[in-house]
Amino acid sequence: ETGVTQTPRHLVMGMTNKKSLKCEQHLGHNAMYWYKQSAKKPLELMFVYSLEERVENNSVPSRFSPECPNSSHLFLHLHTLQPEDSALYLCASSQDGQGNIQYFGAGTRLSVL
Amino acid sequence: EDQVTQSPEALRLQEGESSSLNCSYTVSGLRGLFWYRQDPGKGPEFLFTLYSAGEEKEKERLKATLTKKESFLHITAPKPEDSATYLCAVLSGSARQLTFGSGTQLTVLP
């Protein structure tokens, strides 16, 4: 148990569906992250939320929409996804957004049909 | 742009057969190099952080070392439970976020 909990663990959705991924951290951290992990590729940072700022990877399509209501919760809202969006989506948290050790959740395995 | 290259992509060892994984990096001012372990169906688990060339850290059968261009993760007398994908990531002076390599998938056969 890493202190970072992601739900659901698995999600299958059609291209016209709308769904949300949830992440909750119990570590008292002040920064949270969304990563995309595809087979044989490096982890791709999608979004960062910290007390200082929100950072976006400009290559992330607008069909992914993050929400961070407080320092313990992070959501990733999904709509009109494409099959190439199928991947493992990982949430992480760290003490702050300045490059400290990141602690990861178990991920949500997303399949887009 | 920061770059991280891990080799080999996959490594199969017999139990007890020691070996090393490589992480080569190109960054503008290294602030830290991180090693993670990832088991199937799980998120990456933090192992080590190295901050300067010459630094070494150990944990059980694992030892991480750092030079100005690369890091090695040495595995001594591995056991089947060491089977996992090992990820390397760097934090540079010009970035505030980690850049990850593609990982090395290690399989230790009994």
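**Q** What is the right way to read the overall build of chain B from this model?
**A** Within chain B, the secondary structure is distributed over 0 helices and 11 strands. Helices and strands appear in chain B in the N-to-C order β-β-β-β-β-β-β-β-β-β-β. For 110 residues, the compact-globule estimate of 2.2 N^0.38 gives 13 Å, and chain B sits close to it at 13 Å. Each principal axis of the C-alpha atoms in chain B carries an extent, and together these give about 45 × 30 × 20 Å. Contacts in chain B between residues at least 24 apart in sequence constitute 55% of all its contacts with a sequence separation of at least 6. Within the structure as shown, chain B displays about 5300 Å² of accessible surface, and the carbon and sulfur contribution to it stands at 47%. If the 12 positive side-chain charges of chain B are averaged to one point and the 14 negative ones to another, these points end up 4 Å apart.

**Q** It is not clear to me how the overall build of chain A should be interpreted in this structure. Could you clarify?
**A** When helices and strands are tallied, chain A shows 0 helices and 11 strands. If you list the helices and strands of chain A from N to C, you get β-β-β-β-β-β-β-β-β-β-β. The principal-axis extents of the C-alpha atoms in chain A amount to approximately 35 × 30 × 30 Å. The buried share of chain A, reckoned over its 113 residues, is 44%. Residue pairs in contact within chain A that sit at least 24 positions apart in sequence constitute 55% of those at least 6 positions apart. In chain A, 10 side chains carry a positive charge and 10 a negative one; their mean positions are 11 Å apart.

**Q** Which parts of the structure should I look at to understand the interface of chain B and chain A?
**A** Counting residues at the interface gives 18 residues for chain B, matched by 22 residues for chain A. At the boundary of chain B and chain A, one finds 0 salt bridges. At the boundary of chain B and chain A, one finds 3 residue pairs in polar contact (both at pLDDT 80 or more). By residue class, the composition of the side of chain B that touches chain A is 8 nonpolar, 7 polar and 3 charged.

**Q** So what exactly am I meant to see when it comes to the state of the cysteines here?
**A** What makes a disulfide is a covalent bond joining the sulfur atoms belonging to two cysteines. On inspection of all chains with the given rule, the structure shows 2 disulfides over all chains. The disulfide bridge from Cys-23 of chain B ends at Cys-88 of chain B, spanning 1.9 Å between sulfur atoms. Around the S-S axis, the bridge from Cys-23 of chain B to Cys-88 of chain B shows a dihedral of about -60° and counts as left-handed. Here Cys-23 of chain B, found in strand β3 (residues 19-26), pairs with Cys-88 of chain B, found in strand β9 (residues 84-92); they are 65 residues apart in sequence, far enough to count as distant. Taking the relative accessible area as the measure of exposure, Cys-88 of chain B reaches 0% and is therefore buried. Free of any disulfide, Cys-68 of chain A has its nearest neighbouring cysteine sulfur in Cys-91 of chain A, separated by 9.0 Å.

Parameters and conventions
- Residues numbered from 1 in each chain as written.
- Chains lettered and ligands numbered in written order.
- Predicted model: local features only at pLDDT ≥ 70, side-chain atom pairs only at ≥ 80, totals over all residues.
- Heavy atoms only, no water.
- Helix = DSSP H or I, 4+ residues; strand = E, 2+ residues; numbered from the N terminus.
- Rg over C-alpha atoms; globule rule 2.2 N^0.38 Å.
- Contact = heavy atoms within 4.5 Å.
- Areas by Shrake-Rupley, 256 points an atom, 1.4 Å probe, with all protein chains shown as cover.
- Lys, Arg positive; Asp, Glu negative; His and termini not counted.
- Charge placed at Lys NZ, Arg CZ, Asp CG, Glu CD.
- Buried < 20%, exposed > 50% of the residue type's maximum accessible area, 1.4 Å probe, protein only.
- Salt bridge = Lys/Arg side-chain N within 4 Å of Asp/Glu carboxyl O.
- Polar contact = N/O pair within 3.5 Å; in protein donor to acceptor, adjacent residues only side chain to side chain.
- Nonpolar A, V, L, I, M, F, W, Y, C, P; charged D, E, K, R; others polar.
- Disulfide = S-S within 2.5 Å.

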